[in-house]
Amino acid sequence: MQADFEGDLSSLASSELALYNELAVLVRQEHECVLSGDMESLLSVLADKQDVISRQELIQEGWNSFCWKIGLEEGREGPDFWEKIGSFLGSSGTAELKASLTAIRDTARRVLDEELEVQELLEVHVKDLRRQMLQLSRGKKAVRGYTANGGMI
């Protein structure tokens, strides 16, 4: 039972970390697309990100299922998680899991920070695009006004 237990925990943690690492790569690609103005590639990256996020939701369901199996209704963020895990893994196994979850949290934090930077950059680009569209609209109005007056000022 303990080997299965440790294997399940290890698999969940390594799968989650791998997905966050994959997401980190996609966020860097997203950043490059925004900087270069390559909206077609950006849409592709966003679709890939959605796939990763869907797989992360499955991992979260795995954590919830695992916690339910061992009698923890509140999941891995609950107050009893480490006590219950410690009773199964002992102190060395618990330390390894804590290290894995810390790596996951650190990676997730870095991904979120970079994602926020990308969002800010994208907002700047959207504002610039709106400004350009407004200028274009004003230019079209000026041309219409000019031609309505017979091309004379």
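Notes on the structure in this doc start here. Just so we're clear, the structure is a prediction, and the values are computed from it rather than from any experiment. (Residues numbered from 1 in each chain as written. Predicted model: local features only at pLDDT ≥ 70, side-chain atom pairs only at ≥ 80, totals over all residues. Heavy atoms only, no water.)

Attention now goes to the overall build of the protein chain. When its secondary structure is counted, the protein chain shows 3 helices and 0 strands. Reading the secondary structure of the protein chain in the N-to-C direction produces α-α-α. Here the protein chain, with 153 residues, has 26% of them falling under the buried criterion. Within the protein chain, counting contacts between residues at least 6 apart in sequence, those at least 24 apart form 64% of the total. Put simply, the protein chain shows about 10,200 Å² of open surface, and 55% of that area lies on carbon and sulfur atoms. (Helix = DSSP H or I, 4+ residues; strand = E, 2+ residues; numbered from the N terminus. Buried < 20%, exposed > 50% of the residue type's maximum accessible area, 1.4 Å probe, protein only. Contact = heavy atoms within 4.5 Å. Areas by Shrake-Rupley, 256 points an atom, 1.4 Å probe, with all protein chains shown as cover.)

This part is about helix H2 (residues 39-69). Here H2 contains 31 residues, and its C-alpha end-to-end distance of 45 Å stays within 8% of the 45 Å for a straight helix at 1.5 Å per residue. Of all the residues in H2, the buried ones are Leu42, Val45, Lys49, Val52, Gln56, Ile59, Trp63, Phe66 and Cys67. A positive phi of about 85° marks Gly71, the residue just after H2. (Expected span 1.5 Å × (residues − 1).)

The next thing to look at is the nonpolar core. In this structure, Phe5, Leu9, Trp63, Phe66, Phe81, Ile85 and Leu97 are the most contacted members of the largest nonpolar core, which totals 29 residues. What Trp63 contacts, discounting residues up to four positions off in sequence, is Leu9, Leu12, Ala13, Glu16, Arg76, Phe81, Leu97 and Leu101. (Core = buried A, V, L, I, M, F, W, Y, C linked by side-chain atoms within 4.5 Å.)

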